[in-house]
Amino acid sequence: DGHGSFRPREIIHTNEGLLRAVYVTDLDGDGDTDLLSGSLHKIAWYENTDGHGSFGSRQLVSTRVYKPTSVYAADLDGDGDMDVLAAFSSENKVAWNENENKIAWYENLHGTCFHDGLPCDTDTGKDGNMCNSVCSGGKCVPGTPKCDDGLFCNGVETCDPTQGCTAGHKPCHDTACSEKYDMCGTSACGNGKIELKEQCDDRNALSGDGCSSECEVEIGWTCDKSEPSNCELLAL
């Protein structure tokens, strides 16, 4: 009534999981105010369908995030539509935000979704299965979403019918993880010890001496398995 009397709360979405940030703006350019949210593993938006506070189903912007602390929207690239900006601050180690403070942005693809390859909801009111549709060129189309980022240390991300892409089970738990070698543990090339999948280690991280800066035997050389490695040029 303009005097501080409010209607009972209206639920826009449930089971969001550690909701951390919200922002309201006209994301789709239709003249009404939409809702942008950031939760544990998701950035999503909800369309204001009638201009009076009735919101549609969740539309995913990204699921490859961890605890966004704020979300915002602006036309960052000057192409006339609203892009999404998110800030992250976390001390937890995950592949897409490992021990870093990051700011990321997501370009609006002139459609109803932001990130090609991720699941989106095209069949609200039907089976509600987000794994039956995929963002392609800014539109939700039938298809199989690609959730897994292919990184060993993340585990395998999968698609949940109601939540979209979900985080994988990290194979190394609380131990160090080597993305280069797809193994748990660490290697320090140049320390004189042959570790994990190193082919050699001559106690330096220089190339051109038989054992490369990546601790791989260089072409035209042979290296023994002593620690540190001894490398010799092959006879012509």
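Our structure's up above, just so we're on the same page.
Since the model is a prediction, treat every value here as computed from it, not as a measurement.

Engineer: Give me the lowdown on the overall build of the protein, citing residues and values where you can.
Structural biologist: Of the regular secondary structure elements, the protein holds zero helices and 15 strands. For the protein, buried positions account for 35% of its 236 residues.

Engineer: Before we move on, could you go through the nonpolar core and cite the residues and values that matter?
Structural biologist: Residues Ala21, Leu27, Leu36, Ile43, Trp45, Val61, Val71, Ala73, Met82, Val84, Ala86 and Phe88 constitute the largest nonpolar core, which totals twelve residues. Residue assignment for this core shows that the elements contributing at least two residues are strand 3 (43-48), strand 5 (68-74) and strand 6 (83-89). Considering every element that reaches this core, the biggest residue donor is strand 6, with three residues. Core analysis: the second largest hydrophobic core is formed by five residues, Leu35, Tyr46, Leu60 and Met130 among them.

Engineer: So what's going on with the state of the cysteines? Which residues, and what values?
Structural biologist: By the definition in use, this model includes four disulfides. One disulfide in the model links Cys131 with Cys159; its S-S distance is 2.1 Å. Disulfide Cys131-Cys159: torsion about the S-S bond near -105°, hence left-handed. Linking Cys131 in the loop between strand 7 (101-106) and strand 8 (133-136) with Cys159 in strand 10 (residues 158-160), this pair joins segments that are 28 residues apart in sequence. What makes Cys159 partly exposed here is its relative accessible area of 26%. Bridging Cys189 to Cys215, the disulfide has an S-S length of 2.1 Å. Between Cys189 and Cys215, the S-S torsion sits near 100°, and that sign places the bridge as right-handed. Linking Cys189 in the loop between strand 13 (183-184) and strand 14 (221-223) with Cys215 in the loop between strand 13 and strand 14, this pair joins segments that are 26 residues apart in sequence. Overall, Cys189 belongs to the partly exposed group, its relative accessible area being 26%.

Engineer: Pulling in residues and values, what's your account of the sheet that holds strand 4 (residues 55-62)?
Structural biologist: Strands sit in the order 1-2-3-4 across an open sheet of four strands; the sheet is antiparallel. In this open sheet, the two strands that pair with only one neighbour each are strand 1 (21-25) and strand 4. Averaged over all neighbouring strand pairs, the angle between strand axes comes to 20°, with direction disregarded. One ladder, built from five bridges, connects strand 1 with strand 2 (residues 34-38); its direction is antiparallel. The partner of Thr25 across the bridge, within strand 2, is Asp34.

Engineer: Any details on the pairing of strand 2? Residues and values, ideally.
Structural biologist: The element strand 2 is largely enclosed, with a buried count of five among its five residues. Of the two faces of strand 2, the one carrying Asp34, Leu36 and Gly38 and the one carrying Leu35 and Ser37 are both buried. Relative to strand 3, strand 2 runs antiparallel, the two being bridged by four bridges. The partner of Ser37 across the bridge, within strand 3, is Ala44. Hairpin connection, strand 2 to strand 3: the antiparallel pair is bridged by four residues.

Engineer: So what about the packing of aromatic side chains? Which residues, and what values?
Structural biologist: Applying the stated criterion to the full structure yields one aromatic pair. Residues Tyr23 and Tyr72 carry aromatic rings whose centres are separated by 4.7 Å and whose planes lie at 50° to one another, so their mutual orientation is tilted. Within this pair, whereas Tyr23 is found in strand 1, its partner Tyr72 is found in strand 5, the two being separated by 49 residues in sequence. For Tyr72, a relative accessible area of 41% gives the class partly exposed.

Engineer: Just give me the short version of unusual backbone geometry, but keep the residues and values in it.
Structural biologist: For the peptide bond that leads from Glu227 to Pro228, omega is 0°, which places it in the cis range. In this fold, Pro228 is placed in the loop between strand 14 and strand 15 (231-233). Here Arg203, not a glycine, exhibits a phi torsion of approximately 65°, which is positive. Taking the relative accessible area as the measure of exposure, Arg203 reaches 56% and is therefore exposed. Phi is positive for Cys215, close to 60°, though the residue is something other than glycine. On the accessibility criterion, Cys215 (0% relative accessible area) is buried.

Calculation criteria
- Residues numbered from 1 in each chain as written.
- Predicted model: local features only at pLDDT ≥ 70, side-chain atom pairs only at ≥ 80, totals over all residues.
- Heavy atoms only, no water.
- Helix = DSSP H or I, 4+ residues; strand = E, 2+ residues; numbered from the N terminus.
- Buried < 20%, exposed > 50% of the residue type's maximum accessible area, 1.4 Å probe, protein only.
- Core = buried A, V, L, I, M, F, W, Y, C linked by side-chain atoms within 4.5 Å.
- Disulfide = S-S within 2.5 Å.
- Pairing = 2+ DSSP bridges.
- Axes fitted to C-alpha atoms, helices over the stretch in contact; angles between N-to-C directions.
- Phe/Tyr/Trp six-rings, centres within 6.5 Å; stacked < 30°, edge-to-face > 60°.

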